[in-house]
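These are the residues of each chain, in order.
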Amino acid sequence: VLLFALTACNSGGASGGAKAEIKGETKEVGDFSVLVPEGWMGYDMELSGEPITYKTQIYKGAKEEIDMWSTPSVQITYWKDSEEDILTSAKSAYDDTKDIDPVTIGDYTWKGFTGTNSDKPVTYLYSVEAGPFGVAVYTEVNGKTISLEDADFQAIMASLKVTQK
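What counts, and at which threshold
Residues numbered from 1 in each chain as written. Predicted model: local features only at pLDDT ≥ 70, side-chain atom pairs only at ≥ 80, totals over all residues. Heavy atoms only, no water. pLDDT = per-residue confidence, 0-100. Contact = heavy atoms within 4.5 Å. Pairing = 2+ DSSP bridges. Helix = DSSP H or I, 4+ residues; strand = E, 2+ residues; numbered from the N terminus. Axes fitted to C-alpha atoms, helices over the stretch in contact; angles between N-to-C directions. Core = buried A, V, L, I, M, F, W, Y, C linked by side-chain atoms within 4.5 Å. Buried < 20%, exposed > 50% of the residue type's maximum accessible area, 1.4 Å probe, protein only. Phe/Tyr/Trp six-rings, centres within 6.5 Å; stacked < 30°, edge-to-face > 60°.

Colleague: Would you mind showing me how to read the confidence of the model for the protein chain here?
Modeller: Detailed conclusions should not be drawn from predicted coordinates in areas where pLDDT is low. Mean pLDDT for the protein chain: 85, with 86% of residues reaching 70 or above. A low-confidence stretch, residues 1-18 stays under pLDDT 50, and its non-local contacts, those more than four residues away or across chains, total 44 contacts.

Colleague: Please clarify how the sheet that holds strand 4 (residues 40-43) should be interpreted in this entry.
Modeller: Backbone hydrogen bonds hold the strands of a sheet together, and the pairing may be parallel or antiparallel. Strand order in the open sheet made by the 7 strands is 4-7-8-12-11-10-9, with antiparallel pairing throughout. Looking at strand neighbours, the two that pair on one side only are strand 4 and strand 9 (95-105), the edges of this open sheet. Across the sheet, the axes of successive neighbouring strands diverge by a mean angle of 20°, strand direction being ignored. As defined by bridge partners, strand 10 (residues 108-117) adjoins strand 11 (residues 120-127) across 7 bridges and the pair is classed as antiparallel. Each bridged residue has a counterpart across the sheet, and for N117 the counterpart in strand 11 is K120. Against the sheet, helix 2 (residues 151-159) touches strand 4, strand 7 (55-60), strand 8 (73-78), strand 9, strand 10, strand 11 and strand 12 (133-138), its axis set at about 75° to strand 9.

Colleague: How should I be thinking about the nonpolar core in this particular structure?
Modeller: Considering soluble globular proteins, one finds that nonpolar side chains tend to be buried as a cluster. Counting 23 residues, the largest nonpolar core has I76, W110, F133, V135, F153 and L160 as its most contacted members. Leave out the neighbours within four places in its chain, and W110 touches P102, V103, I105, L125, Y126, S127, A130, F133, V135, M157 and L160. Membership of the second largest hydrophobic core comes to 11 residues, among which are A90, F113, Y126 and Y138.

Colleague: What is the right way to look at unusual backbone geometry in this model?
Modeller: A negative phi angle is the norm for most residues apart from glycine, just as the trans form is the norm for most peptide bonds. Cis geometry marks the peptide bond from G131 to P132, where omega comes out at 15°. Locating P132 in the fold gives a position in the loop between strand 11 and strand 12. The phi dihedral of D119 falls on the positive side, at around 65°, and the residue is not glycine. For N142, which is not glycine, the phi dihedral falls at a positive 50°. Classification of N142 as exposed rests on a relative accessible area of 59%.

Colleague: I'm lost on the packing of aromatic side chains in this one. Help?
Modeller: Remark: the centre distance and the inter-plane angle together describe each pair of aromatic rings, the angle taken between the planes. What the rule picks out here adds up to 5 aromatic pairs. Geometrically, the ring pair formed by Y94 and Y124 is tilted, given 6.2 Å between the ring centres and 50° between the ring planes. Of this pair, Y94 sits in the loop between helix 1 (86-91) and strand 9 while Y124 sits in strand 11, and the two are 30 residues apart along the sequence. By the burial criterion, Y94 is buried, and Y124 matches it. Among the aromatic side chains, those forming a connected cluster through ring pairs are F32, Y78 and F133.

So this is what it looks like as C-alpha cells:
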C-alpha cells in the first residue's frame, strides 16, 4: 500500500481558499486507484467471493466494518466499456432525484443529481473524462456529513486514476 499526500484547495467557506494537505493511503482497487484519507476506511467489495475490481466504498469516520452502516460514504464505480447513459440509469436507483449544475473538482467537470436512497441523502456525480467514473456520495448518515467542498472529499476525487483500461 502506498502512502499518499495530496494538497486540496478548499473553494469557499471560512478558509477563503486555503490549501489543506490531506494524508492517507492509495487504495489499488483493480481497475483504478483512489486515495483513502486518514480517518476514513476503504472497503473491498466482493461478488461470490471474488474481488470486484471496478467498484469501492470509502467511509468517513469508520474505524471497523460495522461502522459502515452509521457513517457517510463515497461509493466509486469505474464504468469501463459502458455504452449506456449512466446518469439516466443511475437515477432509476434513487428516489426524489433533481439534476444539479455541473461541478469542477480537480481537473474534471462532473455532472450529477441529488436524491435519496433508503431515506439517506445522496449526491451522484458522473464524469466521462475522468474515467468514466460514477460516484455516489451518501452526504448525511446519523448526523455525520460529507460536503462536496470538503478538502478530504475533493482529495479523493482528484486522486482517481484508471489503472486498467
